[in-house]
Amino acid sequence: MILSKIYKNTLLILAACLVLTACATKKEVADMQGQMQSDVYTGTDTVEYLADGVPDRVFFATNETVLTTASRETLRAQAAWLRKNSSINVVLEGHADERGTREYNLALGERRANSAKDYLMTYGISSDRISVLSYGKERPVDAGSNPLAWSKNRRSVTVKAN
Amino acid sequence: MKKKLILLFLMSLLPLKAFALIEVDITRGNLNPLPLAVSPLSIDDKSKKSFEKILKKENIGSEISTIVENNLRTSGLFNPLSKEAFLQAPDIANLKPRFEDWNLIKAQALITGKVTYVDEKLRVEFRLWDVLAAKEMMALAFTTVPSNWRRVGHIISDKVYERLTGEKGYFDTRIIYIAEEGPKTQRKKRLAIMDQDGANNKFLTLGNELVLTPRFNPTSQMVTYLSYFKNLPRVYLLDIETGTQEVVGDFPGMTFAPRFSPDGKKIIMSFARDGKSDIYTMDLENRLVEKITNHPSIDTSPSYSPNGRFIAFNSDRSGYQQIYIMKSDGSNVKRISFGNGIYGTPVWSPRGDLIAFTKLHKGKFYIGVMRTDGKGERLLTENYYQEAPSWSPNGRVLIFYRETKTNAKGEGFSAKLWSIDLTGYNERLVETQTDASDPSWSSLLSN
């Protein structure tokens, strides 16, 4: 009885190990490919979900605040979800990469978050439900000093406010 | 508090006889710093014992002279000689130096002095001697509370610097900065203050909220900075003596990039709303707010000229961040940076003739200076990342912060303060207890 339990646990651990190794290998490959198009991040591995199928963040090109096609698609999904969940308010957190002066980056983060806000508003979300908060370059998600890390950090993240 | 300090500095000027024979030229990079000897300040046994009890320092005379020595060395203009080589005892040297002895060790100038304990006060007299001319150049005495002993060392350094260079010093000053700790993705930041030489470090906030970009009021003990208190990035005002704090930029949006006007009566800052950042001023007395720039671009990092008549700032109205100047009412906006790359964080020199800036070009960051018409650009230092220069009160030295590049795993991040002379020489790490950024240099505490 006890033996069989140990045996079972070992199997579970082995299985877990296998899954972990698989993940690690996959991630490495993704990193090596550097999921970027020109210099906009296109990966999904850092994205958290507001709800099933609704990614929380959009990415920007260097020094840019223009929304890409992928970003607009993400924001339309967020707008649809927000229309269905009308009691939820959001904060749009705007961020910049580390390759700019601190104060300018604060303003740039604010502008990026507002560019996402404007898009949500054109899809019917009231500005009363959206607040904007810029962190400039103060809260990177990736500590790396390389183009891929910077592309992940140039983002606007939609966070539930309540 | 400051008033009290000034009152306690009963400074008496003893007669001056000599004319300047030694001159230090600080307008060029000084590759041959002036050799000088800082003799330990002499102290009688009774005074020594008293100070040992009060200040827990074995010999306050040599402690003060060490401060002077370190300050002068750090300036890059002077080369304080090793005390090992000194032939004359401190007390005798202060009475009448044997100039041949000091000449022998190649000292061109000599500093001597005496410390005494009088009426529960610290009395320090010091003399500056021209060794080659065999003459006294300067003699001063200070009386103050014993706990002020470090400041006495800084004031002596300032007097020597001023006498030998012809310009005011910058040693009796403080640096306000952001102390940083923790991983790059979750940096804990605290407001901190220290003496210019790193002593008397004090943390002014606890690190519960993000704080950034502190600046001194040039005329008082007030500081303005950005705090994310309650997740609302706003400009705050802090009295560093009393600890009282208040929000001054409570507008419906983010207020950031604050500085004081040269008379200390206004705060100039940026206000961001709906993706636009403009520059505003607030009169601290009547709280009147004035909008200075009005443009859909990002206008930030403002800096007043020392006479208060002009403002330098950076704007991306041309497509990229560049430096502009305008009259203080916002009229006559004129772009002045036209070199390759992007330009930011203009800071007007206290002397009025130069603007220091950060430049990004081909993936490198530079600290540089240009004239106020944008001409005569000189880059002083190049690195992976550095920004936010702040001038010493005499306009001869810039302090800024530098961040390191991390490795492929995102490890190895650090942020440190550095200083460099206007000449581009004498680049030095400014030691801090923790990592540090956003330094701002105070005015001289005493004059």
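Residues numbered from 1 in each chain as written. Chains lettered and ligands numbered in written order. Predicted model: local features only at pLDDT ≥ 70, side-chain atom pairs only at ≥ 80, totals over all residues.

## Brief notes about the sheet that holds strand E24 (residues 354-361) of chain B
Residue and element names in this part refer to chain B.
Moving on, step 1. In spatial order, the strands read E23-E24-E25-E26; together these four strands make up an open sheet with antiparallel pairing. Strands with a single pairing partner mark the edges of an open sheet, and in this sheet they are strand E23 (342-348) and strand E26 (378-383). If you compare each strand with its neighbour and ignore which way they point, the axes differ by 20° on average. (Pairing = 2+ DSSP bridges. Helix = DSSP H or I, 4+ residues; strand = E, 2+ residues; numbered from the N terminus. Axes fitted to C-alpha atoms, helices over the stretch in contact; angles between N-to-C directions.)

## A few points about the domain arrangement of chain B
Moving on, step 1. Domain boundaries assigned for chain B yield domain 1 (2-22 + 34-165) and domain 2 (215-291).
Moving on, step 2. Once you take the C-alpha centre of each, domain 1 of chain B and domain 2 of chain B turn out to be 41 Å apart. (Domains from an automatic or database assignment.)

## Regarding the interface of chain B and chain A
Moving on, step 1. Counting from both sides, the interface comprises 33 residues of chain B and, opposite them, 23 residues of chain A.
Moving on, step 2. Where the side of chain B that touches chain A is concerned, the elements lending two or more residues are strand E11 (211-216), strand E15 (254-260), strand E16 (266-273), strand E19 (299-304), E23 and strand E27 (385-391) of chain B.
Moving on, step 3. Taken together, the residues of the side of chain B that touches chain A break down into 13 nonpolar, 15 polar and five charged. (Contact = placed C-beta atoms within 7 Å. Nonpolar A, V, L, I, M, F, W, Y, C, P; charged D, E, K, R; others polar.)

## Some details on the environment of B:Asn200
All names here are of chain B.
Moving on, step 1. Mapped onto the fold, Asn-200 is located in the loop between strand E9 (188-195) and strand E10 (202-203).
Moving on, step 2. Considering only alpha carbons, one finds Asn-200 and Asp-101, 99 residues apart in sequence, at a separation of 37 Å.
Moving on, step 3. In this structure, Asn-200 is in contact with Met-194 and Asp-195, ignoring residues within four places of it in sequence.

## Concerning the nonpolar core
Moving on, step 1. Formed by 79 residues in total, the largest nonpolar core has its most connected members in B:Ile355, B:Ala356 and B:Leu398.
Moving on, step 2. Formed by 37 residues, the second largest nonpolar core is a distinct cluster that contains B:Leu41, B:Phe51, B:Leu72 and B:Ala107. (Core = buried A, V, L, I, M, F, W, Y, C linked by C-beta atoms within 7 Å. Buried ≥ 20, exposed ≤ 12 C-beta atoms within 10 Å, placed from the backbone.)

## As for the packing of helix H3 (residues 60-74) of chain B against helix H6 (residues 149-165) of chain B
All names here are of chain B.
Moving on, step 1. Look at H3 against H6: their axes get within 8 Å of each other, and the N-to-C directions meet at 45°. One element, H3, and the other, H6, form an angle in the oblique class. Between H3 and H6 lies a crossing of right-handed hand. Judged by residue contacts, Ile-60, Glu-63, Ile-64, Ile-67, Val-68, Asn-71 and Leu-72 of H3 engage Trp-149, Arg-150, Val-152, Gly-153, His-154, Ile-156, Ser-157 and Val-160 from H6.
Moving on, step 2. Each residue belonging to the contact of H3 with H6 can be placed in one class, and the counts come to nine nonpolar, four polar and two charged. (Parallel < 35°, antiparallel > 145°, perpendicular 65-115°, else oblique. Left-handed = near helix turned anticlockwise from the far one by under 90°.)

## Some details on the pairing of strand E25 (residues 364-371) of chain B
In the case of a regular strand, side chains alternate between the two sheet surfaces.
Residues and elements named next belong to chain B.
Moving on, step 1. E25 sits mainly inside the fold: six of its eight residues count as buried.
Moving on, step 2. In this structure, the hairpin formed by E24 and E25 is closed by a connection of two residues, where Lys-362 is found at a positive phi of approximately 50°.
Moving on, step 3. Sheet analysis places E25 next to E26, joined by five bridges and oriented antiparallel. Bridged to Val-369 within E26 is Arg-378.
Moving on, step 4. Turn length for the E25-E26 hairpin, with the two strands adjacent in sequence and antiparallel, is six residues, and the turn residue Gly-374 shows positive phi of about 90°.

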